Amino acid sequence: MRIVADTDVCIGAGQCVLTDPDLFDQDDDGTVVVLAGSPEGEKVDSAREAVKLCPSQALSLVAD
Ligand code: SF4
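Please read these numbers as outputs of a predicted model, since none were measured by experiment.

*Asks:* Quick question: what am I supposed to make of the site of the ligand here?
*Replies:* Every one of the 13 residues lining the ligand counts as a neighbour, but Cys10, Ala13, Gly14, Cys16 and Cys54 are closest to it. Split by residue class, the shell around the ligand holds 9 nonpolar, 4 polar and no charged.

Spelled out as structure tokens, the structure:
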């Protein structure tokens, strides 16, 4: 699985970082930065949760 972040629609809400700071960070403008783009194991569940919680639908999880 691969995390894809659309930085054009990210509104910097930070929900993804709160969900899993190992997978996501934010740059100085608050825009999402994906730290680990290919989650494995339980990190896939975290990534799924972040996709669900993102208020701007900026995140998606796609099959490799
Ligand atoms: S939760 Fe969504 S809108 Fe908020 S920082 Fe993460 S990707 Fe951006």
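On we go from here.
*Asks:* Is there a simple way to explain the environment of aspartate 27 in this structure?
*Replies:* Note that aspartate 27 resides in the loop between strand S2 (24–26) and strand S3 (32–34). Taking the C-alpha atoms as reference, aspartate 27 lies 17 Å from isoleucine 3; in sequence the two are 24 residues apart.

*Asks:* Can you help me understand the UniProt feature "domain: Divergent 4Fe-4S mono-cluster" (unreviewed entry) in the protein in this one?
*Replies:* As annotated by UniProt and renumbered to match this structure, "domain: Divergent 4Fe-4S mono-cluster" (unreviewed entry) occupies residues 1–63. Structurally, residues 1–63 is divided into 27% helix and 22% strand, and its ends, taken at the C-alpha atoms, are 5 Å apart.

What counts and what doesn't
Residues numbered from 1 in each chain as written. Predicted model: local features only at pLDDT ≥ 70, side-chain atom pairs only at ≥ 80, totals over all residues. Heavy atoms only, no water. Near = heavy atom within 4 Å. Nonpolar A, V, L, I, M, F, W, Y, C, P; charged D, E, K, R; others polar. Helix = DSSP H or I, 4+ residues; strand = E, 2+ residues; numbered from the N terminus. UniProt positions renumbered as here; feature names shortened; annotations may be inferred.

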